[in-house]
Structures are given as C-alpha cells and as structure tokens.
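The primary structure of each chain is shown beneath.
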Amino acid sequence: MYNQPMLREDALKDKTIVVTGGGTGLGRAMGLYFLQLGANLVITSRKAEVLEQSAKEMEAATGGKVLPVPCDVRNYEEVDHMLSETLKNFGRADVLLNNAAGNFISPTERLSANAFSSIIDIVLKGSANCALAFGKHWIKEKQAASILNIVTTYAFTGSAYVVPSACAKGGVLAMTRSLAAEWGKYGIRSNAIAPGPFPTKGAWERLLPGDLAEKFDFKNRVPLKRVGDHQELANLAAFLVSDFAGYINGEVITIDGGEWLQGAGQFNGLEAVPDEMWDMLEQMTRSAKGS
Ligand code: HXC
Ligand code: NAP
C-alpha cells in the first residue's frame, strides 16, 4: 500500500506549488504527485537543461502544467526573479517546498572553509532566501500559504562526516519552528519532513560512493528492514501542504522506518542475540534477583 497514491484526486486543485531542487530525486517525486492531485508546479534548480527535460516528462506523465525556472537559491535576486516568474505564469504561489540541498561525506578536518560554507549556503541560506522572498510576498498580499522544509533525522541528533549538512539542516528545523510561531498570524503554516534513507542518484553518489552502498547498506539500520519508497514521502508531503493539514503548524514529521531511534536506544543492538540464546540469558538475569 505504501507505494500507492493516498489523497483524493482534487486535493491540491488550483494550488501553485514551488519545489526547489524539483527536477531530480525526491523533489521530482513529490512534484509529480502534486501534479496528479491537480496542482500547478514550478520546479527550480541551477541546471536549466535538467529542469526543462523533467518539466516535459512530468507534463507528459500527468497532463499538468510545469514551469521550469533556473535559480540558484544561494542568490536572493535569483530567488526573487523565480517568484516573479511564478506569479507571471500562474498568478499566485501557494506553497514553497524547500527541498534543494548540497551534501557530501568527508572527515570535517579535511574540509576547506569554502566547502563548509557552500553546504550552509545551499541548505540554510537557500531555504531562508526562499522563505524570505515568498513570506514577504504573502504577507503583503494577505494570502494564506504554506512552507514545507525537507530536513533529515540528523537535524535532531547531528551526524559525523556530514557536519556542514547537519548544522544547516538543524538551522532549517529551527527556522521551521520559529516561522510557525511568527507567521502563523498571517495564515502562513511552516512544517518540516525528516526523511530517513530514500535512495536517489544525487544523494547516493555523494553519500555512498563506490562499494560503500553495499558495505553500509541502509536497510540494515532500519527496524522495518527496508528503505523508503518515493511515493510514501510524496503522500506525506502532499498531505502537509494540502488544506487537510490546515491546523498543523510548526511540526516536523519523521519518515524513516524507525532508523534514528534504532541508533539511539542503548540496547537496540541486542537484536543480534539469536532466539535460542534468550533462554540462557533469561536464566542469568532471573538468578541476579538473589544477589
Ligand atoms: C571535500 C569538497 C568535496 C568533497 C566539493 N568540495 N566536494 N571538499 N570533499 N567530496 C569542496 C570544493 O573543493 C570547494 O571548496 C567547495 O567544496 C565547493 O565545491 P564546488 O564544487 O565549487 O561547489 P558547487 O559547484 O556549488 O557544488 C556543490 C556541491 C555539489 C555540494 C559540492 O555536490 C552539488 O552540487 N550538490 C548538489 C546536489 C546534492 O548534493 N545532493 C545530495 C543531497 S543529499 P574549495 O575550498 O576547493 O573552493 C542529502 C541527504 C541527507 O542532503 C540525508 C541522507 C540520509
Ligand atoms: P538530489 O536529487 O541531489 O536533490 C538536490 C537538488 O537540489 C537537485 O535538484 C539540485 O539541482 C538542487 N540544488 C542543489 N544546489 C542548488 C542551488 N544552489 N540552488 C538551487 N537548487 C540546488 O537529492 P535528493 O536525495 O532528492 O534530496 C532532496 C532533499 O531530500 C534534500 O533536501 C536532501 O537533504 C533531503 N533528504 C534526502 C534523503 C535521501 O535519502 N535521499 C534523506 C534525507 C533528506 P541542481 O544541481 O540543478 O542545482
């Protein structure tokens, strides 16, 4: 069931949704589902050719309207231009989905200052630039709207070897909650999704290069013993940006099959104990009563 569409067909009818990083990976998967639910879509990232090709394919697959707008989210002027193009083509913007990101694995001491900043600039500054431009517009127009930010579970816990990304995603989570409190009065909802592993080319090439994908198979870290299906993320995102989620504001929803908690509980590793050993272990723990 989890790979099936969930919402009713008109759930996003007449909404214009802007997805940053919307030409590839998870952004594209969420965008495709928004189109199926009746939304107009704007996809934006740095690579014009990728956007144009994706827009064509997405329109052909759904019959919906997709506007590709090249925009580097690190640059506020480009973000402002992307908003103007959205308004020019669709007359309105209802949802901002901050999904664009940059990331790669590295021991932190190997990073240059510029390497650290480039991740912070894409993820934190890029999301802030988009929230600012769209928020100013919505407040001026007195329009209710919604922001959805894609973070990750290490936004709560931190993570070794992806420190700039962890810092940036932690910042985006703080922005999500802060704006929920501050802009709620304007009817602007602000929420986040923290996905666990959902294989994409962009993430896997940078996070699990070469044979790391086999050696460090994410499935083994997840209690449900599988990675995420793109449609189940799309289902959650579509619900959160729809009016059905109209009272959800300031929330972060984890969708990771229990992965981060599996890493957190001190005794979760006891999963490795074979069934036949539990009789002996029980005897030993029971006998400790008298000591
Ligand atoms: C060390 C590196 C490096 C590496 C780049 N740099 N790659 N340093 N190890 N592997 C350094 C460069 O030398 C440079 O520093 C600085 O970082 C900027 O690099 P550029 O290539 O000039 O930057 P740019 O062209 O802007 O590309 C940004 C990028 C790239 C992040 C490096 O990978 C990119 O475009 N990524 C976009 C897509 C992406 O990352 N998708 C994955 C998201 S996955 P110097 O000092 O030399 O100038 C994700 C998942 C989270 O977030 C959770 C999963 C479970
Ligand atoms: P992806 O396909 O590499 O997506 C990243 C997108 O961001 C690309 O379309 C890229 O396009 C765009 N982008 C990068 N820098 C940009 C910039 N400066 N300005 C505008 N756009 C930019 O990887 P993904 O796996 O789908 O990731 C999507 C989101 O999910 C990210 O926020 C990621 O952190 C999050 N996430 C993914 C996973 C996972 O398992 N896949 C897990 C947790 C969280 P251009 O190169 O054309 O700019």
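Residues numbered from 1 in each chain as written. Chains lettered and ligands numbered in written order. Predicted model: local features only at pLDDT ≥ 70, side-chain atom pairs only at ≥ 80, totals over all residues. Heavy atoms only, no water.

**Student:** Help me understand the site of ligand 1 in this model?
**Tutor:** R46, N103, S112, N114 and R206 are the nearest of the 17 residues found near ligand 1. Measuring from an oxygen atom of ligand 1, one finds a side-chain N or O atom of S112 at 2.5 Å. Between ligand 1 and N114 there is a distance of 2.8 Å, counted from an oxygen atom to a side-chain nitrogen or oxygen. Alone, ligand 1 offers 1100 Å² of accessible surface; in the complex the protein occludes 61% of this. Where the shell around ligand 1 is concerned, the elements lending two or more residues are α4 (113-141) and α7 (201-207). Considering only residue class, the shell around ligand 1 consists of seven nonpolar, seven polar and three charged. (Near = heavy atom within 4 Å. Polar contact = N/O pair within 3.5 Å; in protein donor to acceptor, adjacent residues only side chain to side chain. Areas by Shrake-Rupley, 256 points an atom, 1.4 Å probe, with all protein chains shown as cover. Helix = DSSP H or I, 4+ residues; strand = E, 2+ residues; numbered from the N terminus. Nonpolar A, V, L, I, M, F, W, Y, C, P; charged D, E, K, R; others polar.)

**Student:** Would you mind going over unusual backbone geometry with me for this structure?
**Tutor:** With the exception of glycine, the majority of residues adopt a negative phi angle, and the majority of peptide bonds are in the trans configuration. With a phi close to 70°, Y161 is a non-glycine residue in the positive phi region. Topologically, Y161 is positioned in the loop between α5 (154-157) and α6 (163-183). On the accessibility criterion, Y161 (51% relative accessible area) is exposed. Of note in the backbone geometry, K225 takes a positive phi value of approximately 60° without being a glycine. By secondary structure assignment, the location of K225 is in the loop between α8 (212-215) and α9 (230-241). Among the residues examined, K225 registers a relative accessible area of 42% and is labelled partly exposed. (Buried < 20%, exposed > 50% of the residue type's maximum accessible area, 1.4 Å probe, protein only.)

**Student:** What's the story with the side chain of Q143 in this structure? I'm lost.
**Tutor:** Along the chain, Q143 turns up in the loop between α4 and β5 (145-150). For Q143, the residues in contact, after removing those within four places along its chain, are R92, A93, D94, H137, W138, Y186 and I188. (Contact = heavy atoms within 4.5 Å.)

**Student:** Where do I start with the environment of N129 in this structure?
**Tutor:** Positionally, N129 belongs in helix α4. Its relative accessible area of 8% is what places N129 among the buried residues. Along the sequence, N129 and E77 sit 52 residues apart, while their C-alpha atoms lie 9.2 Å from each other. When sequence neighbours within four positions are dropped, the list of residues in contact with N129 reads V73, R74, N75, Y76 and V79.

Geometric descriptors of this kind do not, in isolation, establish any biological role.
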